[in-house]
Amino acid sequence: MKKIAFIHEKFPVGGAERVTLDICKYLSENYPEYRCYVFASEFVENLIPQEIRKNTEMRVIPLKEGRSKAVEQLVVEEGITLLVQVVYQLPDIKDIAARTGCKVVFANHGEPFWQRYSIIRKRRKRLLNRLFWHLGVKRKYVKNGRAHAIAVERTLEHYNNCDAYTVLCGGYKNATCRVFGINPKESKIHVIENSERVVENVTYEKEKIIMYCGRLENVSKRVDRLLRIWGKVQHRLPDYRLVIVGDGDYRGAMEKQIVKEGLQRVEMVGWQSDAEQFFRKASVVCLTSQTEGWPLCLTEAQAHGCIPVAFGCSDGVKDVLSPSGINGFVVTPFDENEYAETLLKIAGMSEEELLAIRKSAVAKRAGYAPDIILEKWKKLFDELLEDR
């Protein structure tokens, strides 16, 4: 029996967790020699699909202190043969692997060196830190590249401490190898895109809805930008409404921004167990993020025949939406005026033009079908476990 454990913090709450769900479901349904586990500090019970409950073992581990010890104990007790670290690394994972003999995969679900954003955020988090930030720390961490240097150092450590390192597109592999001075052909970096489910009976007749679906936070997602952009177009699109699906710490600030800026026809519907009902109706799906790895909301939009629009903040976004104007629209980062003009352009298109983009987007999604992408994960696991 090949036993694989995926290590998360809170499960399942985002795109990386959805990937784990897909892998576990695929392996359990197609390869009985595999047994999947999820180790997490918190499980959100109402978000765990019934088929995952039946076929995947779930174990609670501490969030911080004692986390590594708990993981190692479970590896020994359950006979885990492969650990998949998702986004974050256990500080002593190399020692755990040496003592237990398990193989280790590091799954990077962000763009290369994404940690620089969280490093900068921590430096600005408290009032005193913000004061020092403007007195010179900003220059050191942003203009002089200290945050990027720390992110590179951390990423190299992750790379050195695993048997395989996965990224979401070829551009990410090339960028990582270039910074590390590694020949891409000789690296242990594997490109595995995120899969997207097939939508039966796609609805091409859409309502005049511009939609956002995702976490309401303002570090990576930058939902404040979306509201400002809506303020630029709302009076020129009187038949449209902005529907925001999701929840998060920034919701209260968004509600205040809506009132302060006099925004109209904005519906905040909160987290939804069935977000698909909104994708079926939406004409346009927007993303205004500062950083993204491989945005599942964009491929989900394509799968439902929506027209996705996003800032070209990463190679992952560009890959999903390319060619721009055919499978969606890529906007120059972070030009809010250009973004607004793009929405107006889409709204002014004929039904024939819109239908052509919708059908092209659905066809693009077919390249990320689960049986194609998830088989890449299975092939990687097989190779590692054969070596073991």
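The rules we used
Every chain's residues receive numbers from 1 upward, in the order its sequence appears when written. With pLDDT at 70 or above as the cut-off, local features in this predicted model cover only qualifying residues; side-chain atom pairs require 80 or more to be listed or tallied, and sums for whole chains, interfaces and linings still use all residues. Only heavy atoms go into the side-chain values, all of them from the structure, while hydrogens and water stay out. A run of H or I in DSSP counts as a helix once it spans at least four residues, and a run of E counts as a strand once it spans at least two, with each numbered from the N terminus. Here the globule rule is a power law, 2.2 Å times the number of residues to the power 0.38, and the radius of gyration is based on C-alpha atoms. Reported accessibility uses the Shrake-Rupley method at a 1.4 Å probe radius. Residues are deemed covered only where the shown protein chains occlude them. Charged residues are defined here as Lys and Arg on the positive side and Asp and Glu on the negative side; His and the ends of the chain fall outside this count. Think of each charge as sitting on NZ of Lys, CZ of Arg, CG of Asp or CD of Glu. Only buried residues count toward a nonpolar core, which is a set of Ala, Val, Leu, Ile, Met, Phe, Trp, Tyr and Cys residues joined through side-chain atoms within 4.5 Å. Accessibility here uses a 1.4 Å probe with only protein chains present; expressed as a share of the type maximum, an area under 20% marks a residue as buried, one over 50% as exposed, and anything in between as partly exposed. Any two residues whose heavy atoms approach within 4.5 Å are treated as being in contact. Two N or O atoms count as a polar contact when they lie within 3.5 Å, although within protein this holds only if one can serve as hydrogen donor and the other as acceptor, and sequence-adjacent residues are included solely when both atoms are side-chain atoms. Convention used here: a crossover is right-handed provided that the path from the first strand, over the helix, to the second strand proceeds clockwise when the strands point away from the viewer. Aromatic rings from Phe, Tyr and Trp, taking only the six-membered ring of Trp, are treated as a pair when their centres fall within 6.5 Å; an angle between ring planes under 30 degrees marks them as stacked, one over 60 as edge-to-face, and anything in between as tilted. Strands qualify as paired when DSSP identifies two bridges or more between them. In this analysis an axis means a line fitted to C-alpha atoms, helices contributing only their contacting stretch, and an angle means the value between N-to-C directions, from 0 to 180 degrees. In this description, one arc is meant: the one made by directions from the helix axis to the C-beta atoms.

## Structural notes on the overall build of the protein
Next up, step 1: A count of helical and extended segments in the protein gives 16 helices and 15 strands.
Next up, step 2: For 388 residues, the compact-globule formula gives about 21 Å, and the C-alpha radius of gyration of the protein, at 22 Å, lands near that figure.
Next up, step 3: Expressed along its principal axes, the backbone C-alpha trace of the protein runs to roughly 65 × 55 × 40 Å.
Next up, step 4: With the model as given, the accessible surface of the protein reaches about 18,200 Å², and the carbon-plus-sulfur share is 48%.
Next up, step 5: Between the centroid of the 60 positive side chains of the protein and the centroid of its 52 negative side chains there is a distance of 6 Å.

## Section: the nonpolar core
Next up, step 1: In this structure, Phe-39, Leu-83, Trp-377 and Phe-381 are the most contacted members of the largest nonpolar core, which totals 108 residues.
Next up, step 2: Not counting residues up to four positions away in its chain, the partners in contact with Leu-83 are Ala-5, Ile-7, Phe-39, Val-71, Val-75, Ile-93, Cys-102, Lys-103, Val-104 and Val-105.
Next up, step 3: Membership of the second largest hydrophobic core comes to twelve residues, among which are Ile-209, Met-211, Cys-213 and Ala-301.

## Observations regarding the side chain of Ser-283
Next up, step 1: Examined against the element boundaries, Ser-283 turns out to sit in the loop between α11 (276-281) and β13 (284-287).
Next up, step 2: There is a polar contact of 3.0 Å between the side chain of Ser-283 and the side chain of Arg-358.
Next up, step 3: Ser-283 has contacts with Lys-206, Glu-207, Ile-209, Cys-306, Ile-307 and Arg-358, leaving out every residue within four places of it along the chain.

## Observations regarding the pairing of strand β12 (residues 266-270)
Next up, step 1: Across the two faces of β12 the burial differs, with Val-266, Met-268 and Gly-270 buried and Glu-267 and Val-269 not buried at all.
Next up, step 2: Of the crossover connections in this fold, the one passing from strand β11 (residues 241-245) over helix α10 (residues 251-260) to the parallel β12 is right-handed.

## What about the packing of aromatic side chains?
Next up, step 1: Applying the stated criterion across every chain yields a total of 13 aromatic pairs.
Next up, step 2: Look at Tyr-88 and Trp-114: their rings are 5.9 Å apart centre to centre, the planes differ by 80°, and that puts the pair in the edge-to-face class. Of the two residues, Tyr-88 sits in the loop between β6 (82-86) and α4 (93-100) while Trp-114 sits in the loop between β7 (103-107) and α5 (115-124), which places them 26 residues apart along the sequence.
Next up, step 3: Residue classification places Trp-114 among the buried positions, given a relative accessible area of 18%.
Next up, step 4: Seen from their ring centres, Trp-377 and Phe-381 are 5.8 Å apart, and the 40° between their planes marks the pair as tilted. Separated by four residues within a single helix, Trp-377 and Phe-381 lie in helix α16 (residues 370-387), roughly one turn from each other.
Next up, step 5: Under the relative-accessibility criterion, Trp-377 is labelled buried at 4%.

## Re the sheet that holds strand β15 (residues 329-331)
Next up, step 1: Strand order in the open sheet formed by six strands is β12-β11-β10-β13-β14-β15, with parallel pairing between adjacent strands. Looking at the sheet topology across the chains shown, the edges are occupied by β12 and β15. Shown here is a sheet whose adjacent strand axes are inclined to one another by a mean of 20°, direction ignored.
Next up, step 2: Bridge count for strand β10 (residues 209-213) against β11 is five bridges, and the pairing is parallel. When the sheet's bridge partners are listed, Met-211 is paired in β11 with Val-243.

## Regarding the sheet that holds strand β1 (residues 2-7)
Next up, step 1: Reading across the sheet, the seven strands line up as β5-β3-β1-β6-β7-β8-β9 and stay open at both edges, with parallel pairing between neighbours. Each end of this open sheet is capped by a strand with a single partner; those strands are β5 (56-60) and β9 (189-191). Taking each pair of neighbouring strands and ignoring which way they run, the sheet shows an average axis angle of 25°.
Next up, step 2: Running over the sheet, helix α8 (residues 170-180) touches β8 (164-167) and β9 and is turned about 160° from β9.

## Side note on α4
Next up, step 1: Considered for burial, the residues of α4 that qualify are Ile-93, Ile-96, Ala-97 and Thr-100. With its buried residues spanning 95° around the axis, α4 presents them on a single face. Among the exposed residues of α4, those oriented more than 90 degrees off its buried face are Lys-94, Ala-98 and Arg-99.
Next up, step 2: As for α4, its buried residues are in contact with α3 (67-78), β6 and β7.
Next up, step 3: Positive backbone phi, approximately 80°, marks Gly-101, located one or two places after α4.

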